[in-house]
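Each chain, letter by letter, is given below.
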Amino acid sequence: MQFVVRGLLGLALLGGAAYVMGDFSTSDSRNRVLVFGIDGGTWAVIEPMIEAGELPNLARFYNDGVHGEFRSRPPALSPVVWSTIFTGRLPGDHGVKDWKTSHSTHRKVKAIWEMTSDRSLKTYVFNVPSTWPAQEINGVMVSGFPLSGSTVGGNTGGVLTLDALDDRTTAAVYRLNALALRPQAVPLEVGAWSPWVKVKFPARKAAGVMKIKRLDDDSYYFSPFYRIDDELVVTYPSDLRKTQPERMGEFYIPEGPGWSLHAEADTPEYLYDHLVDVSRVQTATARGFVGDDWDLFIYVNTLVDRVSHPYWAYFQPQAFPEMDARKAAKYSEAVRNAYRETDRQLGQVLEAVGSEDFYFVVLSDHGFGASNNAKSMIGTHRFEGIYLFAGPGILGSEGPRINIEDATPAILYLLGLESAQDIAGKLPESLLSVHGPAREPIASYETLAKPGSDLPVDAATWEQLRGLGYVDGAPRRKD
Ligand SMILES: [Zn+2]
C-alpha cells in the first residue's frame, strides 16, 4: 500500500506529471539507494572519531549497518578505482587504466548509472571522478574531475601584493581583473576571506569566480580563476545551470585548487580553507537535487582526499622525522577537520532527502597513509578503503573485506536488479539478509559495443592533474 500513497502524493504534488506513474507502474515497492562517496576515506581516522562522537551522521549508519575494508587495487588512482567501483569490472576491461585514460570517453563498458538508466530508474550522479564529459542518463549528471578548461591561468592560485596586480609580469587573469579584485581585497582584515568575486577573461570569452584571503599587511592569496561561463559544460542536461538555477546555485566549481604547489615546506592554512569552500559549493548542488524522486543517487565528496594529500604529515608527524613540531601542532587537526566537515555536509545532504526510505552506502576508492618517501611529507593512497551499507534488512556488524569491484553487484542487488555474467564483482554475502538469494545474473548489460577512446587526455586536463600533484612531465599530445 505504500506505493499507492506515494504515487498519489507524487501526482498531487506534480499535477499529474506522466513520469510519476511510469516510475511506479513496474513494481509495487521501490528500493532507493543513496551512495555517498568519501574519496580517500580511511577507517583508521574515522573509527576513533566515531567513538569520540565527532562524526554523528556517519555514526548513525556505522552503528546500524555492515561495514568493513573495501579493498582497492593497483593502480589506486581515483578515476581508475571509481570506474572499477561503478562498473564492477577491472581496468583492463573498463578501459580507464591510468591518468592518460581518465575521461568518461575512455570507458568501454557501462557504468551502473547506464544500467539503471536502461531500466528506466531515475539516476543522479554527482562529482564521480572520471565522469567528464557528462553523459546522457535517465536523470542528472554533474561531472567530477579530471576535466579540461575549468580554470583559466592555472589551477593553484597565487600570493600577490595589491601593487603587483598592476605589474605587467603578473598573470593576466589577475592583472585584467584588478578593478574587480582590488575593492574586495582592500577592506579585508588580516586572515579574512572575500566573498566570491565575479571575474572575466575576455581573450578566452571566459567568465569566472575567485576568492581572496588577506595573509598579512601586504600579501593576499588569490584563488584560481574558476570558469563559470556556458562554454564550460559539466552537466547533463547541458543547460542545467540555466534551467535549474535555484538548485545548481549561482555557479558550480567542478574541481578546487591544486594542492601540489602549496604542499610541503610550509603548507599554508588558506589551502585548507579554500578546499572547504569548494567542497561546500559542490555539496550545495548535490543537496539541491537530493530531494527529488530518484532511485539511485551517487555523490562523491572529494574533500578528505584533497586535504589528506597535503596535510597528512601533520596528522601523523611520527612518520616524518623531519616534521617541525611547531608546524605539526599548527595543522594537526586539518585532516580530522576535513572529516568533520564532510560529516556536516553529509548531514545537510541527508536532511534534504526528506525521507528515511533508502539504502545508504558509503564507499571510498582507497585509504590514506604516510608517504614512504620520508622527504616527501605528504599523504599517499593506500589499498585499505572503506565500505558501509545500511538500510532495511541490513544487520549492523563488522563485515568481511570486500573488493572494489563488488560495489556494483551490491548496489544492483539493493536496487532489486540482477548482476551480469560479465561483471567481475561478487555480491557481498552480508547483504543477503535484505532480499534473500540474488536473482540469476543476466548475460550482460552491454547492448552495443562501445569502443572507448585510447587517445590520451588533452593538455589542459594534464595541467589540472599536475596542479593536483598526480602527474609530472608533459602529456603525450598537445591540442
Ligand atoms: Zn588522491
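Please read these numbers as outputs of a predicted model, since none were measured by experiment.

Caption draft 1: Geometry of the nonpolar core. Counting 83 residues, the largest nonpolar core has Leu34, Leu58, Phe126, Phe297, Tyr311 and Phe360 as its most contacted members. Here this core spans two domains, since at least three of its residues come from each of domain 1 (31–149 + 234–392 + 441–467) and domain 2 (151–231). The contacts of Leu34, once residues within four sequence positions are left out, are Val290, Trp294, Phe297, Leu350, Val353, Phe358, Tyr359, Phe360 and Val361. Formed by 41 residues, the second largest nonpolar core is a distinct cluster that contains Ala111, Leu296, Phe389 and Ile394.

Caption draft 2: Spatial organisation of the environment of Ser150. Take Ser150: it is sitting in the loop between β4 (139–142) and β5 (151–152). Judged by relative accessible area, Ser150 falls into the buried class, the value being 5%. Distance from Ser150 to Val233, taken between C-alpha atoms, is 9.2 Å for residues 83 residues apart in sequence. Non-local contacts of Ser150, meaning those with residues more than four positions away in its chain, are made with Phe225, Tyr226, Arg227, Leu232, Pro254 and Gln464.

Caption draft 3: Structural detail: the domain arrangement of the protein chain. Each domain of the protein chain was delimited in the assignment, giving domain 1 (31–149 + 234–392 + 441–467) and domain 2 (151–231). With centres defined by C-alpha atoms, the gap from domain 1 to domain 2 works out at 27 Å. On the side of domain 2, 19 residues touch domain 1, which itself brings 22 residues to the contact. When the two sides are added together, the surface that domain 1 and domain 2 hide from each other amounts to roughly 1700 Å², 56% of it contributed by carbon and sulfur. Here domain 1 is connected to domain 2 by five salt bridges. Note that Glu250 is salt-bridged to Lys198, the shortest N-O span being 2.7 Å. Applying the counting criterion to the domain 1 and domain 2 interface returns twelve residue pairs in polar contact (both at pLDDT 80 or more). Top contributing element to the side of domain 1 that touches domain 2 by residue count: helix α12 (residues 269–289), with six residues. Grouping the constituent residues of the side of domain 1 that touches domain 2 by class yields eight nonpolar, seven polar and seven charged.

Caption draft 4: How the structure looks around unusual backbone geometry. For the peptide bond that leads from Trp132 to Pro133, omega is -5°, which places it in the cis range. The topology assignment puts Pro133 in the loop between β3 (123–126) and β4. For the bond running from Tyr236 to Pro237, omega is -5°, close enough to zero to count as cis. Here Pro237 lies in the loop between β12 (235–236) and α10 (240–243). The phi dihedral of Asn127 falls on the positive side, at around 65°, and the residue is not glycine. Looking at where Asn127 falls in the secondary structure, it is placed in the loop between β3 and β4. In this structure, Ser130 takes a positive phi of about 70° despite not being glycine.

Caption draft 5: Looking closely at a negative patch on the surface. A cluster of acidic residues, Asp163, Asp216, Asp217 and Asp218, forms a negative patch at the surface. By relative accessible area, which is 36% here, Asp216 ends up partly exposed.

Caption draft 6: How the structure looks around the sheet that holds strand β11 (residues 225–227). The four strands are arranged β5-β11-β8-β7 in an open sheet whose pairing can be described as antiparallel. The outermost strands of the open sheet, each flanked by one partner alone, are β5 and β7 (197–201). Set on the sheet, helix α9 (residues 178–185) makes contact with β7 and β8 (206–210); between it and β7 the angle comes to about 160°.

Caption draft 7: Region of the structure containing the coordination of the zinc ion. The zinc ion binds to the protein through Asp305 (OD), Asp305 (OD), His309 (NE2), His381 (NE2) and Tyr470 (OH), with metal-donor distances spanning 2.1 to 2.6 Å. All donor residues of the zinc ion come from one chain, and their arrangement in sequence is D-x3-H-x71-H-x88-Y. Placement of Asp305 in helix α13 (residues 303–315) and of His381 in strand β16 (residues 379–382) is noted, with a sequence separation of 76 residues between them.

Caption draft 8: Summary view of the side chain of Ser78. Inspection of the secondary structure assignment puts Ser78 in helix α5 (residues 78–87). Separated by 2.7 Å, the side chains of Ser78 and Asp365 make a polar contact. Apart from residues no more than four positions distant in its own chain, Ser78 is found in contact with Asp39, Pro129, Phe145, Asp365, His366 and His381.

Analysis parameters
- Residues numbered from 1 in each chain as written.
- Predicted model: local features only at pLDDT ≥ 70, side-chain atom pairs only at ≥ 80, totals over all residues.
- Heavy atoms only, no water.
- Core = buried A, V, L, I, M, F, W, Y, C linked by side-chain atoms within 4.5 Å.
- Buried < 20%, exposed > 50% of the residue type's maximum accessible area, 1.4 Å probe, protein only.
- Domains from an automatic or database assignment.
- Contact = heavy atoms within 4.5 Å.
- Helix = DSSP H or I, 4+ residues; strand = E, 2+ residues; numbered from the N terminus.
- Buried area = accessible area lost by both parts, 1.4 Å probe.
- Salt bridge = Lys/Arg side-chain N within 4 Å of Asp/Glu carboxyl O.
- Polar contact = N/O pair within 3.5 Å; in protein donor to acceptor, adjacent residues only side chain to side chain.
- Nonpolar A, V, L, I, M, F, W, Y, C, P; charged D, E, K, R; others polar.
- Patch = residues over 30% accessible without salt bridge, like charges linked within 9 Å, V, L, I, M, F, W, Y side chains within 5 Å.
- Areas by Shrake-Rupley, 256 points an atom, 1.4 Å probe, with all protein chains shown as cover.
- Lys, Arg positive; Asp, Glu negative; His and termini not counted.
- Charge placed at Lys NZ, Arg CZ, Asp CG, Glu CD.
- Pairing = 2+ DSSP bridges.
- Axes fitted to C-alpha atoms, helices over the stretch in contact; angles between N-to-C directions.
- Donors = N, O, S within 2.8 Å, 3.2 Å for Na, K, Ca; no water.

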